[in-house]
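# Architecture at a glance
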Amino acid sequence: MIEREYAYYAGCSLEGTASSYDRSIRAILKDLGVVIKEPVDWSCCGSTPAHAMDHVLAGALAARNLAIVERMETATLTTPCPSCLSAFKKARAKILTDKSFKDEVNQLLDDPYEGTVKAKSTLQVIYEDVGLDAVVAKVTTILPDLKAACYYGCILSRPPRLAAFDDPENPVSMDRLLAACGIEVRDFAFKTECCGAAFGVPKREMVLRLTHKVLNMVQDCGANCVVVACPLCQQNLDLRQAQVNRAMGSSFSLPVLYFSQVLGLAFGYSPVELGLDKHIVSVDRLIRSRSPKGTEETASPAKSAARKNAARGAEETNRERERIASVVKET
Amino acid sequence: METVRLASDTLNDFAAEVSQATGQDVVRCYQCGNCTAGCPYTEFFDYPVSQIMRMIQTGQREKVLNSKALWLCATCETCSTRCPCEIDVADVMDGLRNIAYREKRFTEKDIRTFYESFLTSLKNHGRIFELEIIARYNLKSGHLLTDADLGPKVMKQLHFTPKRIKGRDKVARIVKKFMEKK
């Protein structure tokens, strides 16, 4: 049986500047029948600063949360944030393979982590455990004006041995989820190029250059918005877009949405319910034309093409799921 | 061209030290250059990542641990994904940062200040309080106006009070215990 109950670790960003990600994830998970329980008194995963400084410190900060979940009788922790995800996956992998590392980490904790609970991104939960058919069944609204570039960022599917999800060079999970909702998805070459990550504050020029490259490619591929799964990518692309324009002489005006917000719109939620009013570059002009599903029957060939895309996406996903299952079995 | 005096500038067991610290077999690198080709940060590095790997093999400990590249690496995992020798190159860079940090080699002071501002916030509340990190960073780094232009925009996203957890003393103890070990 496919799991439908998870420990939900939002992470610090989703309590702060990325609260719209949290709000939209909670909304769509409810619609999709996924039960989430919040680990009591969870703490920060440690993120980049902890692992840069010391691996045992990083391991302990991550493992404290995994240990809490171990005591919840829930097998899997899910988090929408790729940085938290990576911290948990790295801590678990090292604890399972390195006994002295495990001992060092557990010495720092009140309750030890044994390595049973594993972490999974919320995108993976929706794409693999819930599945495209269940997503399609919840679609009530069509969004004919969105042309999306799905931007996965660095660490959602990489490195492949650790991430064990989607393709490391050409991930497709978000593309297919959106296509399943009838949304036009553009071929985008920079799906996993780095946006500059956590260096926005101490090394702003570097981040602006890297983010500029990503936005440039979004525009070149004919998309009119970026769809992301990472709070840091969202922040660099959206909040810093005006800084990019000033520094690089560009004039981008590309809304940056979380995939959960796009799904939420397709499920019929209002922009405010999904926290879209919190974003800097407004998406209003692209979603004004949304209308109830079913009213598009008489509409343009473009829309029927989008529906065909959705059907093809579902088929390919089933094949992909079988492939992943066989790979997992082998390893 | 720069001359490296193998007798005085190198340390033969540095490769072993890095392998020990990271669990990665750095000797396997045969300089294909795939990591550097894909690295989004090469243009900002003083030494490209493939060169760092070679310098580890030839034992150039000082130069590697004092390089800016260590701190400018964002662990984006492109190198680790593409290495044909299956070396987790990003993990090697991370391990080198750990050593450099222990030895107080801070060649990128602003990045260090940012990381420490982050961990201080973590220690204070158990979770991150974004406003506090940027305020502390601006004070400690002396760049008082960093991202001040974002102020009006980010208002609607920021939270103005920290989320304090009950177990924050336990989290603080982890961070402190680690700091005492140094």
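Everything discussed here concerns the structure shown above.
Please read all numbers here as calculations on a predicted model, not as lab measurements.

What counts as what
- Residues numbered from 1 in each chain as written.
- Chains lettered and ligands numbered in written order.
- Predicted model: local features only at pLDDT ≥ 70, side-chain atom pairs only at ≥ 80, totals over all residues.
- Heavy atoms only, no water.
- Helix = DSSP H or I, 4+ residues; strand = E, 2+ residues; numbered from the N terminus.
- Buried < 20%, exposed > 50% of the residue type's maximum accessible area, 1.4 Å probe, protein only.
- Contact = heavy atoms within 4.5 Å.
- Core = buried A, V, L, I, M, F, W, Y, C linked by side-chain atoms within 4.5 Å.
- Buried area = accessible area lost by both parts, 1.4 Å probe.
- Salt bridge = Lys/Arg side-chain N within 4 Å of Asp/Glu carboxyl O.
- Polar contact = N/O pair within 3.5 Å; in protein donor to acceptor, adjacent residues only side chain to side chain.
- Nonpolar A, V, L, I, M, F, W, Y, C, P; charged D, E, K, R; others polar.
- Pairing = 2+ DSSP bridges.
- Axes fitted to C-alpha atoms, helices over the stretch in contact; angles between N-to-C directions.
- Parallel < 35°, antiparallel > 145°, perpendicular 65-115°, else oblique.

Turning to the overall build of chain A, a few remarks are in order. Along its length, chain A carries 16 helices and 10 strands. Out of the 331 residues in chain A, the part that is buried amounts to 62%. In chain A, once contacts between residues fewer than 6 apart in sequence are set aside, the share between residues at least 24 apart is 76%.

Here the focus is the nonpolar core. Proteins that are soluble and globular tend to have nonpolar side chains buried together. Residues Phe259(A), Ile56(B) and Leu96(B) are the most contacted members of the largest nonpolar core, which totals 164 residues. Considering each element in turn, this core owes the most residues, 10 residues, to helix 4 (residues 55-70) of chain A. Excluding residues that lie within four positions of it along the chain, Ile56(B) makes contacts with Phe14(B), Ala15(B), Val18(B), Val26(B), Val64(B), Val92(B) and Leu96(B).

What follows deals with the interface of chain B and chain A. On the chain A side, the residues contacting the 60 residues of chain B number 64 residues. In this assembly, chain B packs against chain A so that about 5700 Å² is buried in total across both faces, 58% of it on carbon and sulfur atoms. Among the residues of chain B in contact with chain A, Arg127(B), Gln157(B) and Ile174(B) are the three that bury the most area, contributing 12% of the side total. Taken together, chain B and chain A are joined by 13 salt bridges. Across the salt bridge formed by Asp147(B) and Arg204(A), the nearest N and O atoms sit 3.4 Å from each other. Where chain B meets chain A, there are 29 residue pairs in polar contact (both at pLDDT 80 or more). Those elements that provide at least two residues to the side of chain B that touches chain A are helix 6 (69-72), helix 7 (78-82), helix 8 (89-102), helix 9 (109-125), helix 10 (130-141), helix 11 (151-154) and helix 12 (168-181) of chain B. The residue inventory of the side of chain B that touches chain A, partitioned by class, reads 26 nonpolar, 11 polar and 23 charged.

Further remarks concern the sheet that holds strand 9 (residues 256-258) of chain A. Residue and element names in this part refer to chain A. Read from one edge to the other, the open sheet built from four strands follows the order 7-6-8-9, with strand pairing classed as parallel. Taken across any chain shown, the strands that pair with only one partner, and hence form the sheet edges, are strand 7 (184-185) and strand 9. As judged from the two bridges shared by strand 6 (residues 147-151) and strand 7, these two strands associate in the parallel manner. Residue pairing across strands places Ala148 opposite Val185, the latter belonging to strand 7.

All chains considered together, the criterion is met by 30 salt bridges over all chains. Linking Asp175(A) and Lys191(A) is a salt bridge whose minimum nitrogen-to-oxygen distance equals 3.6 Å. You can see Asp175(A) sitting in helix 10 (residues 173-180) and its partner Lys191(A) sitting in the loop between strand 7 and helix 11 (204-220), a full 16 residues away along the chain. Lys191(A) matches Asp175(A) in its accessibility class, with the two residues each being buried. Notably, a salt bridge pairs Arg246(A) with Asp149(B), separated by 2.7 Å at the nearest N-O pair. On the criterion of chain membership, the pair formed by Arg246(A) in helix 13 (residues 241-248) and Asp149(B) in the loop between helix 10 and helix 11 is interchain, its members lying in two chains.

Residue and element names in this part refer to chain B. Counting buried residues in helix 4 (residues 49-57) gives seven out of nine residues, a clear majority hidden from the surface. When helix 4 is considered as a whole, its buried residues turn out to be Val49, Ser50, Ile52, Met53, Met55, Ile56 and Gln57. Contacts from the buried residues of helix 4 go to helix 2 (14-22), helix 3 (34-38), helix 5 (61-65), helix 6 and helix 8. At the exit of helix 4 stands Gly59, carrying a positive phi of roughly 75°.

Glancing now at the sheet that holds strand 1 (residues 5-8) of chain A. Residues and elements named next belong to chain A. Reading across from one edge, 2-1-3-4 is the order of the four strands in this open sheet, with parallel pairing throughout. With one partner strand each, in any of the chains shown, strand 2 (35-37) and strand 4 (118-121) form the two edges of the open sheet. Across the sheet, the mean angle from the axis of one strand to that of its neighbour is 40°, orientation sign disregarded. As paired strands, strand 1 and strand 2 are joined by three bridges and run parallel to one another. Bridge assignment links Glu5 to a residue of strand 2, and that residue is Val35.

For the rest of this paragraph, the subject is the side chain of His279(A). Structurally, His279(A) is set in the loop between helix 14 (259-266) and helix 15 (284-287). Residue His279(A) is classed as buried on the basis of its relative accessible area of 6%. The contact partners of His279(A), leaving out residues within four places of it in the chain, are Ser20(A), Gln234(A), Asp238(A), Val256(A), Leu257(A), Tyr258(A), Gln261(A), Lys156(B) and Gln157(B).

Residue and element names in this part refer to chain A. The interhelical angle for the contact between helix 4 and helix 5 (residues 82-97), taken along N-to-C directions, is 105°, at an axis separation of 9 Å. Our classification of the angle between helix 4 and helix 5 gives roughly perpendicular. Two secondary-structure elements touch here, helix 4 through His55, Gly59, Ala62, Ala63, Asn65 and Leu66 and helix 5 through Ala87, Phe88, Ala91, Lys94 and Ile95. Per-class residue counts for the contact of helix 4 with helix 5 are seven nonpolar, three polar and one charged.

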